[in-house]
Amino acid sequence: MYKSLKRALAAISLSVPLWVGASSVYAMPDIMPLQEVAEGMQGTLYTVVDSSGELRSFSLEVLGVMRSGRGTMPYILARSDGPFADTDGGLMQGMSGSPVYVDGLLIGAASATVSNMDPHTFLITPIEEMLPIWDMPDKKNKTRVKVIDIKKAAEEREKIEKELAEKDKKKAEAEAAKSENGDDKKTETSDASAAKSENIKKPETEKKYPSAGKEPVYKGSLMVSGFGEGSLAMLQKGLGNIGFKAESFGGITSGGATTKYGAVLEPGEAVGAAVMYGDFAVAATGTVTAVDGRRVLGFGHPFLHRGNVNYFMTDATILGMVNGVSDGMKFANTDHIIGRISQDRGAGISGEIGIFPSVVPVRINVKDETLGRDENYTATMAYDEDFLPVLSPAVSYAALGRTVDTTGESTVEVHFSVRTNAVADGKVERTNMFYGAADVGQAAFGELGQAMSLICSDKEKEADVLDINVDISSAAERRTASLVSAIPDRPEVRPGDTVNFKITMKPYRAEKLTVTVPFTVPKTQREGALHLDVHGGGLVSVEQLLSAMQGQGVVTADDNDVTTEDQLKNLMETPANNEIIIEPGSTPVMSEKEQQKAIKEAIRAQEEAEKNPDAAKEPQKPPMGRLSTKYVIDNVIHAMVNVSKDAPEPEKKPVEFKLDDILKKTGLSKNETKADKKTDSKADTKVEVKKEAKTADVAESAAEAAKGNTETAEKSDERVTAAEKKAEENPAEKAEEKSAETVEEKGAEKVTVSEKEAAK
C-alpha cells in the first residue's frame, strides 16, 4: 500500500518535510523495494548533527545487499564517499535510524557497522523490514493505573494543532507563490533522478557480502544519568542480563522531563526511547526514519529488543558529535515526553505521538546522619515488568550514593513500601538494616529487587503497581553487635511454656547491653534437652543449613499452591539483620533409648493428627523468639533448656505498684497529693458524715432483706409440712427432706440476724 504514490510525488513529499520546515502531519513517503536496490546507486543520508536541529545530508554509494539465509534480516551495504558527519568518523552511535533516500525514494535506515571494521562502510535496514512493525499487536499499557491527564492532553493537543495548521496554511501559500514564479527545479530534479534510476544496469545475480563471522554493531546508545560508579555497575549488570550495555552520558537532566503535547517529529530528527526519567534516567537516542501521521518509525535496529513494550517516546537535543579511532557518538539530551514506544523489534522501534505509557512513580528519601543531609529524589518508570525489578533497586542505590558521598564503611537502614494489588492489603512493606565495610549499597537494596521481581513474575495475573516509596537512613560507622550469652530464666520448662532468655550482647567498641527475648516451647516438643540457636536474623542457623543440604524446604513443581502473595508475605516476615532470633538448633545424636521414645511420640502425634485432620492442614509456623535491636547481629551462640511435663509452673511475681504509675493512672500529680495531706482533718470530718449516711443505707437495706427472709421462712414451713407427709409414704426421700430442713433452720437463723441488724 506504500507503493501507490508516483515517484514524482515522492520527491515533493521528501522536499517539503526536509527543507520547508516542520509540518503538523507528515505522510509516509514512497519507498524503493529491496529487490530494486542495486549496486552503484547513489544515495543520501539525512540526520541532525548539532544543537541547531538542522538536517544535514551526506552522500553514499550502495555496494549491494547482504543476505544470510531464510529467517534472517537482509541489509543494504553502503559506503560514504566523502567526509562524513563533519568529523570523518563514519556512522556514529545515535545516527541509527537516519533515513536513506535513492532518487527521492526511501530505501531504509542507517543502523549498524560491522564489528572492528571501517565505520564509513555501514549497514542499512531496508524500509520493507521496518514497515510491518506498525501493524504488530499491542497488548501492553493495559494496567488500570494511569497517571496522564488524557483530557488535558487532548485539549492542549487540539490547541497546538490549530496553531500549527495556521502556520502550515501560510507556508503552503508561500510555496504556491514560489511555484507560480517558475521555481520548478525540484520537479526537474525528481524527473532526472527517476530517469537515472531506470537507466541503472542491475546485476544479473545479487552480490552477497558475508560478514566473516563479524556481528553487526548497532549504532544506538543507551544513556543513563544520575548514577554513580557503584549504582551504575549494578544497573549495567541488570541490563546486561537482558542484553544491553549502558553508558553514563547525557540523559534527562535533574528535575525530570516535562510532558509536551502536540509534538511533531520529522524524518532525520533525533528521537529517544526511555524506560525512566526524572532525577535518574535510562534512555537511548536515535533518529526518526519515517513518520505517518502520528506514527513514528526509528532506529533501524532494536532498542532493547523486548517486542511489544511500554516505553516513553521523547524528543531530543543533539549536543554534538565526538569520534574516536574506530567509532564515534552523538551526545544528546532527551527533553520532553511526547508519546509512547509500543514496539521494540529487530528492524527498529515504533510508537505514537500523543499517547502515553502507564507509569510507576518512585520517591526516595535519604537521611545521612553523618553529614546531616536529608534529600528527596523522584523518578518515573514506565510500567515494564522486565525493567521494574532492575531499575527500582538501582535508583535507590544511586540516591544513597549521591547523598552520602562515600563508598566507605557505613550502616544503612532501608524501609520500602510498594503499593500494589499483588497482595490483599494493598501494600508490600519491609524494613532491614545492613552494614558494609565498603559499598554497602550493593546488598542493601536486594530485597526491593526481589519484591519487585515476585510482583512482576506473578503467574496468575499482571499486577498494578501504584508507586514505590523508599526511606533510607545512613551513618558512616559500624553498628554491629556480637552475642555473648543467652541464659533462660528457669532451667526446666513444660511443653507450651514461655521462657525468657536474658541475652548479653557486645556492640562494636561500646559497652555490653542486656535484653530479654521470650521463646515459647512448642506444645509438641518431646521431653529432654531442647537445643537452641541464638543468632542475628541475617544469619542461617545450623538447623536451616542442614535442612537445605538435605533438600528440605526447596520449592518443587508440586508446590503449585504457593502463590505470589504467599512468597511476598514470607519475604516481609523474614527476620531482619538487626533482629535477635531464638529457634531450635541441631539436635545431638540420640541414644537408643531416646530414639525409641522419639518414635513412640511420633506415632502418638500421627494418631492424633489422623483424629483431627483439619488441624493438621493448618499451617504451622516454626517456633521462634525475636527482638529488634539497633545493631546488625553478626554471630551465632547456643542455649539449652530441659523440657519436662513435670516441670514446675513459673512463679508469678507479686505486682509492685509505684507511686508514679498510680499517679499516671489517676491523673494526679505529686503536688496534689501533698495538698491532700494538709487537708486531712477536714477530709476526716467529711468521711465520718459519709460513713453515717452509708450506715443508714445499710440498715434500710437490711430491713428490706429481713422482711423478705420472713416471707421465705413462712413458705419454707409449708414446704416442710408437705415433705413430712410425703416422707411417711416414701421413706427413701426422708434423708433429702432432712437436709432441706437443715437449710431452712439456717435460713431462720439468718432472718434472726437480719432482724437484729435492722434493730441496730
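Since this is a predicted model, take the numbers as computed values, not measurements. (Residues numbered from 1 in each chain as written. Predicted model: local features only at pLDDT ≥ 70, side-chain atom pairs only at ≥ 80, totals over all residues. Heavy atoms only, no water.)

Chemist: Now, about the overall build of the protein chain: what can you tell me, with residues and values included?
Modeler: If you tally the helices and strands in the protein chain, you get 16 helices and 30 strands. A burial count over the protein chain gives 42% of its 760 residues as buried. Look at the contacts in the protein chain between residues 6 or more apart in sequence, and 73% of them connect residues 24 or more apart. Summed over its atoms, the accessible surface of the protein chain is roughly 41,700 Å², and 50% of this surface lies on carbon and sulfur atoms. (Helix = DSSP H or I, 4+ residues; strand = E, 2+ residues; numbered from the N terminus. Buried < 20%, exposed > 50% of the residue type's maximum accessible area, 1.4 Å probe, protein only. Contact = heavy atoms within 4.5 Å. Areas by Shrake-Rupley, 256 points an atom, 1.4 Å probe, with all protein chains shown as cover.)

Chemist: Describe the sheet that holds strand β24 (residues 498-507), listing the residues and the values that go with them.
Modeler: Paired through backbone hydrogen bonds, the strands of a sheet run either parallel or antiparallel to each other. Spatial strand order, β25-β24-β22-β29: 4 strands in an open sheet with mixed pairing. Since the sheet does not close on itself, it has two edges, and those belong to β25 (513-520) and β29 (632-633), each with one partner. By the bridge criterion, 2 bridges tie strand β22 (residues 480-488) to β29 in an arrangement that is parallel. Paired with Ala481 across the strands is Ile633, a residue of β29. (Pairing = 2+ DSSP bridges.)

Chemist: Just give me the short version of the pairing of strand β21 (residues 465-475), but keep the residues and values in it.
Modeler: Here strand β17 (residues 359-368) pairs with β21 via 7 bridges, running parallel. Of the residues in β21, the one forming a bridge with Arg363 is Asn469. Relative to β21, strand β19 (residues 410-420) is paired through 10 bridges, and the arrangement is antiparallel. Bridged to Thr411 within β21 is Ala475.

Chemist: How would you explain unusual backbone geometry if you had to name every residue and give the values?
Modeler: Here the phi dihedral of Phe299 falls at roughly 75 degrees; this positive angle occurs in a residue that is not glycine. Within the secondary structure, Phe299 is located in the loop between β13 (295-298) and β14 (307-323). Phe299 gets classed as buried once you look at its relative accessible area, which sits at 1%. For Asp405, which is not glycine, the phi torsion reads 55 degrees and is therefore positive. Tracing the sequence through the fold places Asp405 in the loop between α6 (388-404) and β19.

Chemist: Just give me the short version of the sheet that holds strand β27 (residues 579-584), but keep the residues and values in it.
Modeler: One open sheet accounts for 5 strands, arranged β23-β30-β26-β27-β28; its pairing is mixed. The open sheet has two edge strands with one neighbour each: β23 (492-493) and β28 (625-628).

Chemist: Requested: an account of helix α8 (residues 446-456), with residues and values cited.
Modeler: In terms of residue burial, α8 counts as a mostly covered element, since 8 of its 11 residues are buried. Among the residues of α8, those classed as buried are Glu447, Leu448, Gly449, Ala451, Met452, Leu454, Ile455 and Cys456. In the core, the buried residues of α8 are packed alongside α6, β19, β20 (427-436), β21 and α10 (564-573).

Chemist: Report on the nonpolar core, specifying residues and quantitative values.
Modeler: Counting 71 residues, the largest nonpolar core has Phe227 and Ile468 as its most contacted members. Among the elements that line this core, the one with the most residues is α6, at 10 residues. Within the second largest apolar cluster, 23 residues are counted, among which are Val49, Val100, Leu105 and Phe122. (Core = buried A, V, L, I, M, F, W, Y, C linked by side-chain atoms within 4.5 Å.)

Chemist: Can you explain α10? Please cite residues and give values.
Modeler: If you check which residues of α10 are buried, you get Thr564, Leu568 and Leu571. Taken down its axis, α10 places every buried residue within 55 degrees of arc, on the same side. Buried positions along α10 lie against β20 and α8. (Arc of directions from axis to C-beta.)

Chemist: Summarise the packing of aromatic side chains; cite the residues concerned and give the values.
Modeler: Inspection of every chain in the model, using the stated rule, returns 8 aromatic pairs. Centroid distance Tyr261 to Phe356: 5.6 Å. Interplanar angle 80 degrees. Geometry classified as edge-to-face. Residue Tyr261 is located in the loop between β10 (258-259) and β11 (270-278), and its partner Phe356 is located in the loop between β16 (348-353) and β17; the two are separated by 95 residues in the primary sequence. By relative accessible area, Tyr261 is classed as buried at 12%. A relative accessible area of 6% means that Phe356 is categorised as buried. Seen in terms of ring centroids, Tyr311 and Phe387 are 5.9 Å apart; in terms of plane orientation they differ by 85 degrees. Their pairing is edge-to-face. Of the two residues, Tyr311 is situated in strand β14 and Phe387 in the loop between β18 (373-382) and α6; the sequence distance between them amounts to 76 residues. The same class applies to Tyr311 and to Phe387, which are both buried. (Phe/Tyr/Trp six-rings, centres within 6.5 Å; stacked < 30°, edge-to-face > 60°.)

Chemist: So what's going on with the pairing of β11? Which residues, and what values?
Modeler: On a regular strand, one side chain projects to one face of the sheet and the next to the other, so that they alternate. Burial within β11 is extensive, with 9 of its 9 residues counted as buried. Across 6 bridges, β11 lies against strand β12 (residues 281-292) in antiparallel orientation. Counterpart to Ala274 in the pairing with β12 is Ala283. Counting the residues between successive antiparallel strands, the hairpin from β11 to β12 contains 2 residues. Pairing of β11 with β18, which is carried by 3 bridges, proceeds in the antiparallel orientation. Considered in β18, the bridge of Tyr277 is made with Thr380.

Chemist: Quick one: what's the story with the packing of α8 against α10, residue by residue and with numbers?
Modeler: The contact between α8 and α10 brings their axes to 9 Å, and the two run at 170 degrees. Relative to α10, the element α8 lies roughly antiparallel. The two elements α8 and α10 meet at a crossing, and its hand is left-handed. Counted together, Glu447, Gln450, Ala451, Leu454 and Ile455 of α8 and Thr564, Gln567, Leu568 and Leu571 of α10 form the full contact between these two elements. Of the residues belonging to the contact of α8 with α10, the class tally is 5 nonpolar, 3 polar and 1 charged. (Axes fitted to C-alpha atoms, helices over the stretch in contact; angles between N-to-C directions. Parallel < 35°, antiparallel > 145°, perpendicular 65-115°, else oblique. Left-handed = near helix turned anticlockwise from the far one by under 90°. Nonpolar A, V, L, I, M, F, W, Y, C, P; charged D, E, K, R; others polar.)

Chemist: Account for the environment of Met572, with residues named and values stated.
Modeler: Assignment of secondary structure puts Met572 in helix α10. Counting along the chain gives 121 residues from Met572 to Ala451, while the straight-line C-alpha distance between them is 9.0 Å. With residues near it in sequence (within four places) discarded, Met572 still touches Lys427, Val428, Glu429 and Arg430.

Chemist: Can you explain the confidence of the model for the protein chain? Please cite residues and give values.
Modeler: For the protein chain, mean pLDDT is 75; residues scoring 70 or higher make up 61% of the total. Per-residue pLDDT stays below 50 along residues 144-151; that stretch engages in 12 contacts with residues further than four places along the chain or on separate chains. Counted against residues more than four places away or in other chains, residues 731-756, with its pLDDT under 50, gives 12 contacts. (pLDDT = per-residue confidence, 0-100.)

Chemist: Hey, could you go over the pattern of salt bridges for me, with residue numbers and the actual values?
Modeler: On inspection of all chains with the given rule, the structure shows 16 salt bridges. In this structure, the salt-bridge partner of Arg295 is Asp135, at a minimum N-O distance of 4.0 Å. Residue Arg295 is found in strand β13, and its partner Asp135 is found in the loop between α2 (127-130) and α3 (150-180); the two are separated by 160 residues along the sequence. With relative accessibility at 25%, the residue Arg295 sits in the partly exposed group. With relative accessibility at 55%, the residue Asp135 sits in the exposed group. Note that Arg363 and Asp467 form a salt bridge whose closest N and O atoms lie 2.7 Å from each other. Here the residue Arg363 occupies a position in strand β17, and Asp467 occupies one in strand β21, the gap between them amounting to 104 residues. Taking the relative accessible area as the measure of exposure, Asp467 reaches 3% and is therefore buried. (Salt bridge = Lys/Arg side-chain N within 4 Å of Asp/Glu carboxyl O.)

Chemist: Can you explain the side chain of His535? Please cite residues and give values.
Modeler: Note that His535 resides in strand β26 (residues 528-536). On the basis of relative accessible area, His535 is assigned to the buried category, the value being 2%. Within the local environment of His535, its side chain forms a polar contact with the backbone oxygen of Leu539, the two atoms lying 3.2 Å apart. (Polar contact = N/O pair within 3.5 Å; in protein donor to acceptor, adjacent residues only side chain to side chain.)

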